[in-house]
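# Examination of the molecular architecture
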Amino acid sequence: MLRHQILHFLEQHPEKYVSGERISQQLNVTRAAIWKQIQVLKEEGFEIEGQSKNGYCLLKTPLALNEWVLKKALTTSSLGREITLEDELKSTNVRAKELARKGSVHGQVVLARFQSLGRGRLQRAWDSPRGGLWMSVVLRPNLSLADASKLTLAASVAIVDAFEELFSLRLKIKWPNDVVYNGLKIAGILGEVVGEWNTVQTMILGIGINVNFPREQLNPLLNATTLYEILGYEVDLNSLAAGILKHLENQVLCLEKRAFEELRANWSDRAAGLGEEVKILRGEQVIQGIFKGITIDGSLLLETDDGEKSFNAGDVQLRSKVGQYF
Ligand code: BTN
């Protein structure tokens, strides 16, 4: 793509002006074509200064999702090998599933700047305004179906670690895999198995993170927050996506080596409410006890007056004893 060639050229001359003439000779196109593409890049959020005498200088890349910027930020070997980035999709999970059925590679990533029908766990809708990170990854790992649920636990650990690394922000995991800050949800994960696990072995891991937008853009009934609300400024969504994919790739490799105990320990280190009195909601039923930890499969272990009980994430919800989200 000509735009990417221009960026590549400008990037090779940091903090210097490169004349339109030189770029056009190098890329074998007219100066008018260069000028036109520079305008498109500016619309995409690239800050490019143009001086009639000296030419063009790349000052800043966009904070919004951009394929060129994201590819440059990626340090992974498999996740993000193929990237589909759309301005708008109904749901990145739905698109990722379609691509997976057509045979996409392990590590295919699908992103959208806006989702019109974002999907959450337990058949809920997922608010997905512009400025969020709405991303799905097609995984074809060397894991059995029984171990597939561990991928969502692994993804929550990866998100917490990426936030710590990029923003020195310590988030927590609310069982099973919500990511929270001071009890308010900032990210969620939706894992969906595609087709016959035994033959195809494909999972779509959907990751939704409330990033560069004010909290008011989300349903007021949700106990949610956004990174913008916490930090007070916008961050680079491309670096965030790349950071999460890096940590996720490491987690997937660990799982493939059957390092399940390590995952459980990492998850527990980052968990909210561990060792505290909690309530488990199963429909109308409320079960109280002490949150003891998770089993190797990710089920919640509760110490109740009637002994230890375990709960599966698909059936119940966790609340702190006093009723907050966490
Ligand atoms: C949850 O309920 O906590 C899970 C939310 C998962 C949302 C993400 S956003 C990217 C991907 N596409 C979707 O439609 N859902 C997931």
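All of the points below concern the structure found in this document.

Parameters and conventions
- Residues numbered from 1 in each chain as written.
- Predicted model: local features only at pLDDT ≥ 70, side-chain atom pairs only at ≥ 80, totals over all residues.
- Heavy atoms only, no water.
- 1 Å grid on protein atoms, 1.4 Å probe; cavity = no way out; pocket = protein on both sides within 12 Å on 5 of 7 lines; lining within 4 Å.
- Points joined across faces, edges and corners; volume = space filled by probe spheres on them.
- Helix = DSSP H or I, 4+ residues; strand = E, 2+ residues; numbered from the N terminus.
- Nonpolar A, V, L, I, M, F, W, Y, C, P; charged D, E, K, R; others polar.
- Core = buried A, V, L, I, M, F, W, Y, C linked by side-chain atoms within 4.5 Å.
- Buried < 20%, exposed > 50% of the residue type's maximum accessible area, 1.4 Å probe, protein only.
- Contact = heavy atoms within 4.5 Å.
- Axes fitted to C-alpha atoms, helices over the stretch in contact; angles between N-to-C directions.
- Parallel < 35°, antiparallel > 145°, perpendicular 65-115°, else oblique.
- Near = heavy atom within 4 Å.
- Polar contact = N/O pair within 3.5 Å; in protein donor to acceptor, adjacent residues only side chain to side chain.
- Areas by Shrake-Rupley, 256 points an atom, 1.4 Å probe, with all protein chains shown as cover.
- Pairing = 2+ DSSP bridges.
- Right-handed = clockwise from strand over helix to strand, strands pointing away.
- Phe/Tyr/Trp six-rings, centres within 6.5 Å; stacked < 30°, edge-to-face > 60°.
- Lys NZ or Arg CZ within 6 Å of the ring centre and 35° of its normal.

Attention shifts here to the layout of surface pockets. Quantified by volume, the second largest pocket comes out at close to 410 Å³. Together, 18 residues line the second largest pocket, and Arg121, Thr152, Asn177, Ala313 and Gly314 are the ones closest to its centre. Looking at the lining of the second largest pocket, the elements with two or more residues in it are helix H7 (150–167) and strand S8 (184–194). The greatest single-element share of the lining of the second largest pocket, amounting to 3 residues, is contributed by S8. Residue composition of the lining of the second largest pocket, by class: 7 nonpolar, 9 polar and 2 charged.

A few words now on the nonpolar core. Leu133, Met135 and Phe163 are the most contacted members of the largest nonpolar core, which totals 64 residues. Ranked by residue count, the leading element in this core is H7, at 11 residues. In contact with methionine 135, other than residues within four places in its own chain, are Thr92, Val109, Val110, Leu111, Leu205, Gly206, Ile207, Ala241, Ile244 and Leu245.

Take unusual backbone geometry next. Here tryptophan 175 and proline 176 are connected by a cis peptide whose omega angle stands at 5 degrees. Even without a glycine there, the phi angle at asparagine 28 is positive, about 60 degrees. The residue asparagine 28 is located in the loop between helix H2 (20–27) and helix H3 (31–43) in this model. Non-glycine residue glutamine 123 carries a positive phi angle of around 60 degrees.

It is the contact of helix H1 (residues 2–11) with H3, at a shortest axis distance of 10 Å, that shows an interaxial angle of 90 degrees. What the angle tells us is that H1 and H3 run roughly perpendicular. In this structure, H1 uses Leu2, Arg3, Ile6, Leu7 and Leu10 to contact H3, whose residues at the interface are Ala33, Ile34, Gln37, Ile38, Val40 and Leu41. Split into classes, the residues belonging to the contact of H1 with H3 amount to 9 nonpolar, 1 polar and 1 charged.

With that settled, consider the site of the ligand. Within the structure, the ligand sits among 19 residues, and Ser91, Gln115, Arg119, Arg121 and Lys185 are positioned closest to it. One nitrogen or oxygen atom from the side chain of serine 91 is found 2.7 Å from an oxygen atom belonging to the ligand. In the environment of the ligand, a nitrogen atom lies 3.0 Å from a nitrogen or oxygen atom belonging to the side chain of glutamine 115. In the complex, the protein chains occlude 98% of the 410 Å² of accessible area that the ligand would expose alone.

Right, let's talk about the sheet that holds strand S4 (residues 109–115) for a bit. The strands making up a sheet associate through backbone hydrogen bonding, with each pair oriented either parallel or antiparallel. The 7 strands are arranged S3-S4-S5-S9-S8-S7-S6 in an open sheet whose pairing can be described as mixed. What marks the edges here is a single partner per strand, and that holds for strand S3 (83–89) and strand S6 (172–174). Each adjacent strand pair in this sheet contributes to an overall mean axis angle of 20 degrees, direction not counted. Sheet analysis places S8 next to strand S9 (residues 202–209), joined by 8 bridges and oriented antiparallel. Considered in S9, the bridge of valine 194 is made with threonine 202. Across the sheet, helix H10 (residues 237–256) touches S4, strand S5 (133–139) and S9, and the angle it forms with S5 is around 30 degrees.

Attention shifts here to the sheet that holds strand S12 (residues 300–304). On the basis of which strands lie adjacent, the open sheet formed by 5 strands has the order S13-S12-S11-S10-S14 and antiparallel pairing. Only two strands of the sheet have a single partner each, and these edge strands are strand S13 (307–311) and strand S14 (317–320). Pairwise comparison of adjacent strand axes, ignoring direction, gives a mean angle of 45 degrees for this sheet.

The pairing of S3 with S4 spans 6 bridges and is classified as parallel. Across the sheet, leucine 89 pairs through a bridge with glutamine 115, a residue of S4. Tracing the backbone out of S3, into helix H5 (residues 92–101) and back to the parallel element S4 gives a crossover that is right-handed.

Further remarks concern the side chain of threonine 76. As for its position among the elements, threonine 76 is in the loop between helix H4 (67–73) and S3. You can call threonine 76 buried: its relative accessible area is 18%. In terms of polar contacts, threonine 76 uses its side chain to reach the backbone carbonyl oxygen of leucine 79, at 2.5 Å. Excluding its chain neighbours within four sequence positions, the residues that come into contact with threonine 76 are Leu245, Lys246 and Glu249.

The subject of this paragraph is the packing of aromatic side chains. Two aromatic rings are characterised by how far apart their centres lie and by the angle between their planes. Here the structure, examined in full by the defined rule, presents 3 aromatic pairs. A ring pair is formed by phenylalanine 46 and tryptophan 68, whose centres lie 6.1 Å apart and whose planes are at 65 degrees; its orientation type is edge-to-face. Placement of phenylalanine 46 in the loop between H3 and strand S1 (47–51) and of tryptophan 68 in helix H4 is noted, with a sequence separation of 22 residues between them. Owing to a relative accessible area of 3%, phenylalanine 46 belongs among the buried residues under this scheme. Sitting over the face of the ring of phenylalanine 260, lysine 150 holds its NZ or CZ atom 4.4 Å from the ring centroid.

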